[in-house]
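A look at the structure
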Amino acid sequence: MATAAAQKLFEPKIVGPAIGDAFLKLNPIKMVRNPVMFVTEVGAAITTAEIFLSNEPKSFTVQIALWLWFTVIFANFAEAMAEGRGKAQADALRRSRTQLFAMRYRESSNLERVAAEQLRKGDVVLVVAGAIIPGDGEVIEGAATVDESAITGESAPVIRESGGDRSAVTGGTKVLSDQIKVRITANPGESFLDRMISLVEGAKRQKTPNEIALTILLSALTIIFLVVIMALYPMGIYDGAIFSITVLVALLVCLIPTTIGGLLSAIGIAGIDRLVQKNVIAMSGRAVEAAGDVDVLLLDKTGTITLGNRQAAEFIPAPGVDMVEFADAAQLSSLADETPEGRSIVVLAKNYGIRERQLHEMPDATFIPFSVQTRMSGLDLKKEQYRKGAAESIRKWTKGTFPKEVEETVDQISRAGGTPLVVADQDDVLGTIYLKDIIKGGLVERFKLFREMGIKTVMITGDNPLTAAAIAKEAGVDSFLAEAKPEDKLALIRKEQAEGKLVAMTGDGTNDAPALAQADVGVAMNTGTQAAKEAGNMVDLDSNPTKLIEVVEVGKQMLMTRGALTTFSIANDVAKYFAIIPAMLVATFPAVAPLNVMQLHSSYSAVLSAVIFNAIIIILLIPLALRGVKFRALPASAILRRNLLIYGVGGIIVPFIGIKLIDLLIVSLHFVS
Amino acid sequence: MTANQWLQLIVYFGALLLITKPLGLYLYRVLETDAKTFLDRIFKPLENLTYRLLRIDPHKEQNWKQYSISMLVFSAVGLVFTYAILRLQAYLPLNPQHFPNLSPDLAWNTAMSFVTNTNWQSYGGESTLSYFSQMVGLVFHNFLSAATGIAIAAALVRGIARNSAHTIGSFYVDITRVTYYLLLPLAIVFAVFLVSQGVIDNFNAYTTAYPLDQSAATTQTLPGGPAASQVAIKMIGTNGGGFFNANSADPYENPTPLSNFFEMLSILAISSGLTYYLGKMVKNQWHGWAVWAAMFILCISGFFIAFHYEQAGNPIHQGLGVATQDGNMEGKEVRFGIFNSSLFADVTTDASEGAVNSMHDSFTPIGGLVPLTNIELGEIVFGGVGAGLYGMIVYIVLAVFIAGLMIGRTPEYLGKKIEAYDVKVSMLSILILTFSILGFTAWAIVSPWGLAGLNNGGPHGFSEVLYAFSSAVGNNGSAFAGLTTDTPWYNTTLAVAMFFGRFLMIIPILALAGSLAQKKLIPQSSGSFPVTGPTFTLLLIGVILLVGALTFVPALVLGPVVEQFLMHQGTLF
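Quick word on the overall build of chain A
Secondary structure assignment for chain A yields 24 helices and 22 strands. Whereas a compact globule of 673 residues would reach a radius of gyration of roughly 26 Å, chain A reaches 33 Å, over 25% beyond that. Structurally, chain A occupies a C-alpha span of about 115 × 65 × 50 Å along its principal axes. Relative to its 673 residues, chain A shows a buried fraction of 58%. Considering only residue pairs separated by 6 or more positions, chain A has 69% of its internal contacts joining residues 24 or more positions apart. Summing over all exposed atoms, chain A offers an accessible surface of approximately 26900 Å²; the carbon and sulfur share of this is 58%.

Structural data, given as structure tokens:
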């Protein structure tokens, strides 16, 4: 999977088969699914017949027919490319699951060796160290470290154990130590990986709601232009001009929105694909589209907004205690404390010039581990007895001596959302350590951008409202849900949805499952339970909750790309009229020559140039369709202005230049007279 | 343009801008059933009596299907009613000139023409219809087809404004209230004004006059009739069917510069007010103004093009010694000149009015292309009363859908998601417009029946046919008059075209209203599609031109554009 991310756009391995597929896709029965390209294909067939029927120069009709076929093939190629890239990723996934065998428990509870494909839902298998887990399942007994790099690309092993939220295992991953009993939860071909593969390949792709609406618009435009062209023939008869069928078909194909019609499905496939490159698997294209519409992001505090653990941010010595002296005491009290909080105190003390000491350097030191009775930890030296703990525990330890200033500091820190730890040496209170939630880098700016885009961020936390408010303020989220229980989360989602908003969230535990199912975009962590994964409509293989933000961006990008290419396609028609209409009329009404504003060489070169432009633009826009329009976090009005300028105004201007250049080229090459 | 013309232009659009808000606020009160108006004391009893007589419960609202059926049934009854009067006018009173009954095809065409708010006239008013036919048979529709248009627009706007609703208002309540509180009082005031300007209003038989200059002609017949009252509603309701054949070019209908100014203003008045009504209903007044701005820009652009080409005139006249600085005065009233003829022509086709104060057929080719294009856009530049707004909203929905995807969200119009169904019905209405105009024109132009009506050949003859079917489908009613259309074939096909252009358009639009109404209203944020401001206005204009106008480019090139080029080479048709 990690290799898939760095895929080149036009990799020969993908381009080769895609060219072949482009021809196979010419099958009209399959083409009907895409009305715009179907009409183009019919047009290509008609002009091919016209080669033998029409009075136009053969070379002209042949070239028009060829380019119309190319138009269809280019569109098919775009789709095949998108599918090919998906397949390449699917193959990478498949490699991880060849020839697996499983040790299945028989009813008599002895083991038998069977092929993984024979496993059925409900079977129980034993997986020992070094073996590959044969299918998706749930650990029902034991615990083991598992290498999930085949799926996540992450090399650090993870722990999987029975019960709780870390019981789900995925087929294709490898057990490194210990052994586990796994109950299989999916039949072969229905497992998580299988579903992923088929989605990525585009085999099961269904049109998304916006795609359906857009297809209707494009089909209606196609019908309208069919009417226009069919009416043009009798109108020509009235004027004594018999328009050739070839030219009418050429005009039709140029006017119908072939650019977007040809690239539409590629854009959809590429959208799912871009998510896969970010190691997120969407269960449907619909989910990707919904991601673009999200109004509210529910973000868990721990792990998403803040780093998992708190860190020492400040030392506040008690009155009369020197700062360096206190830093030294703080470090000593934490030397043996291997928790991340403890490590961070040692690191902070270095800022005060105190070198990190090792326990073995101090032979007379005795480490006092944290105990539930004292709720403190610390270190005893010959004379000193350093203790570190919550204010109440230290008060007990110092038998009531507790300076008022320290008490105030403790209060302040609590109110600011931090955790105060007090350090004492026997009866002397030395000062307070300020432990703080650390906001992940770059998030504050990102949330600001989201606000400008009209997306509300809500922080979910189990903290008390006071602490939650302080962290929410620091992180820059719009609101927070404190002391949140899973049912509160669900209630919040329902409330936002009742107001017509779309909600996205991440979750991993089984108790998250209802909320994940209720959310419009529910991203389950791959480390989460099977229940959570089933409930969500996306799975993040890296189990990085912050990625929700990128998921939204990919969704938006997909919609933007469709809109941009539709606008471009429709705007192109202006120039095509200016190329073809004068060419059609100039024989009957030589007076209309000034309408040929591009000064195209001849009627034949004008029509051919327009058709060639119409075909080539599809190829030129494949990279844009596959990569997507560049996403910028701006307010809607700014994005609209920008994209209208590029794809609307640009769409009017570009074909004038393109058609003129093609005209110069084909005339200089003597393709037409 | 002279300073005086600039001044007139500024005063005209300034006045239109000024009346938009008060009219919009009043429309809001008329169309909200429970709101009070200052005319309640006079009309409330009448309104309640109407409901009692027709057994309508004014508080029972309809869903879009019921609304459509009511509208269709009501229109069908009106159609039969008028057809009967026209077929029987010889036996009915107020017929001092003893006009005979109309032929079946002419009666059918005329009845359909008025029921669809088109007011296409295959007849000459003063030489065909009795006072009774005009006052009862036609005026019924002048009020009620206008009220129907406003009702449909209101239903669509309600669909946008409401949250998860199943109903879009009551058709019968809407047309009753619009007629009593809006059209009737306005028509009365306007009729009195017109009489003050010299528009006739009597029941006299026609007068035979003996000119002082006996050498010129022996006698002249001066028609009579209740013109002022009919002209008032013809203008206000964007009907456009002249009491007399020459319509607003006739001094009996439009005698003074002041009457001309107010007739032009009355064409766009209600439609302009409806944009304010839209803004008020959806609680986004700047959206209303953004729509107004798009309409205004298209309207004034059309005028400038028409004026430019009319002022430039016909180069062939130059060789004939006609004063070229006067521009193309052919077919224009000297009283109105180039300026007021061009403005009237632009305005009457922006709206589905169709009244004329000059002969569009005699405009220069490009001058004539402007009214033709205005109609083919679907008359959404202010447009017919109600019809303009609902047509415009279809374009807005399409603009929002096409460009809305570009901001990276499912397109949303004022908090309503635009989905497959909405796109389908919106495109259906545009498809019907294109199909009807181009289909009938293509048929006419190669069929012996169609060609039989042509009095001019070449591209000009083509333009006349194209204009006739555009006008019929667009429910405009003005004509390139060089075409003889009082034939069974034209009467029948034009009537069918009018039917398509009205009712086949309205049904998808009511379906759109119903679909939007039942959607949840999504709260607006900075991520929502912006439907205010210059970007939106320009986008809307762009979509109107790209989706609306582009489909007619080939036909327009074959007609007016080719003709303009040929004119410059010295060929006329």
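Considering the sheet that holds strand β8 (residues 174–177) of chain A
Residue and element names in this part refer to chain A. The three strands are arranged β6-β5-β8 in an open sheet whose pairing can be described as antiparallel. The open sheet has two edge strands with one neighbour each: β6 (158–161) and β8. Direction aside, the axes of adjacent strands within the sheet are offset by 50 degrees on average. As judged from the four bridges shared by strand β5 (residues 143–147) and β6, these two strands associate in the antiparallel manner. Residue pairing for β6: Thr145 is matched across the bridge by Ile159.

Here's the deal with empty space enclosed by the protein
Where empty space is left in the structure can be found by rolling a water-sized probe over the atoms. Residues and elements named next belong to chain B. Summed over the entire model, instances satisfying the criterion amount to 11 cavities of 30 Å³ or more. Of the voids in this model, the largest cavity is the one considered here, and its volume is about 130 Å³. Around the largest cavity, the lining is made up of 13 residues, and of these Gly378, Ala387, Gly474, Gly501 and Met505 lie nearest the centre. Contributing elements (two or more residues each) for the lining of the largest cavity: α14 (387–404) and α18 (488–517). Its residues placed into classes, the lining of the largest cavity shows five nonpolar, six polar and two charged.

So, the side chain of B:Arg158
Residues and elements named next belong to chain B. Locating Arg158 in the fold gives a position in helix α6 (residues 131–161). Residue Arg158 is classed as buried on the basis of its relative accessible area of 2%. Each residue touching Arg158, except ones within four places of it in the same chain, is listed here: Leu31, Glu32, Ile168, Gly169, Asp174 and Met281.

A short note on the pattern of salt bridges
Residue and element names in this part refer to chain A. Taken as a whole, this structure holds 33 salt bridges over all chains when the rule is applied. Its salt-bridge partner being Arg395, residue Glu392 comes within 3.7 Å of it at the nearest N-O pair. Of this pair, Glu392 and Arg395 both sit in helix α14 (residues 391–397), three residues apart, which is roughly one turn of that helix. The exposed category is assigned to Glu392, whose relative accessible area is 51%. Across the salt bridge formed by Glu499 and Lys501, the nearest N and O atoms sit 3.4 Å from each other. Here Glu499 falls in the partly exposed class, since its relative accessible area comes to 35%. Overall, Lys501 belongs to the buried group, its relative accessible area being 18%. Several salt bridges converge on common partners, so that one network encompasses Lys456, Glu496, Glu499 and Lys501.

Looking at the nonpolar core
By size, the foremost hydrophobic cluster in this structure holds 326 residues, and its most contacted members are A:Leu297, A:Met538, B:Leu183, B:Ile393 and B:Tyr413. The next biggest cluster of nonpolar side chains, apart from the first, holds 32 residues, and it includes A:Ala330, A:Met376, A:Leu379 and A:Leu421.

Focus on the packing of aromatic side chains
All names here are of chain B. Summed over the entire model, instances satisfying the criterion amount to 46 aromatic pairs over all chains. Between Phe193 and Phe262, the ring centres sit 5.1 Å apart and the planes meet at 70 degrees, which makes this aromatic pair edge-to-face. Of this pair, Phe193 sits in helix α7 (residues 171–197) while Phe262 sits in helix α9 (residues 257–281), and the two are 69 residues apart along the sequence. Plain terms: the ring middles of Trp443 and Trp449 are 6.4 Å apart, the flat faces sit at 85 degrees to each other, and that makes the pair edge-to-face. The class for Trp443 is partly exposed, based on a relative accessible area of 40%. A residue is classified by how much of its surface remains accessible, and Trp449, at 48% relative accessible area, is partly exposed. Joined through ring pairs, the aromatic side chains of Tyr12, Phe13, Phe190, Phe193, Phe261, Phe262, Tyr276, Trp289, Trp292, Phe296 and Phe382 make up one cluster.

Let's talk about the pairing of strand β18 (residues 456–460) of chain A
Residue and element names in this part refer to chain A. The element β18 is largely enclosed, with a buried count of four among its five residues. Strand direction decides the pairing type here: strand β11 (residues 296–300) and β18, joined by five bridges, are parallel. Within β18, the residue paired with Leu297 across the bridge is Thr457. Pairing of β18 with strand β19 (residues 479–481) involves three bridges; the strand directions are parallel. Counterpart to Ile460 in the pairing with β19 is Leu481. As for the winding sense of the linkage, the β-α-β connection from β18 through helix α17 (residues 465–475) to β19 is right-handed.

Conventions adopted
- Residues numbered from 1 in each chain as written.
- Chains lettered and ligands numbered in written order.
- Predicted model: local features only at pLDDT ≥ 70, side-chain atom pairs only at ≥ 80, totals over all residues.
- Heavy atoms only, no water.
- Helix = DSSP H or I, 4+ residues; strand = E, 2+ residues; numbered from the N terminus.
- Rg over C-alpha atoms; globule rule 2.2 N^0.38 Å.
- Buried < 20%, exposed > 50% of the residue type's maximum accessible area, 1.4 Å probe, protein only.
- Contact = heavy atoms within 4.5 Å.
- Areas by Shrake-Rupley, 256 points an atom, 1.4 Å probe, with all protein chains shown as cover.
- Pairing = 2+ DSSP bridges.
- Axes fitted to C-alpha atoms, helices over the stretch in contact; angles between N-to-C directions.
- 1 Å grid on protein atoms, 1.4 Å probe; cavity = no way out; pocket = protein on both sides within 12 Å on 5 of 7 lines; lining within 4 Å.
- Points joined across faces, edges and corners; volume = space filled by probe spheres on them.
- Nonpolar A, V, L, I, M, F, W, Y, C, P; charged D, E, K, R; others polar.
- Salt bridge = Lys/Arg side-chain N within 4 Å of Asp/Glu carboxyl O.
- Core = buried A, V, L, I, M, F, W, Y, C linked by side-chain atoms within 4.5 Å.
- Phe/Tyr/Trp six-rings, centres within 6.5 Å; stacked < 30°, edge-to-face > 60°.
- Right-handed = clockwise from strand over helix to strand, strands pointing away.

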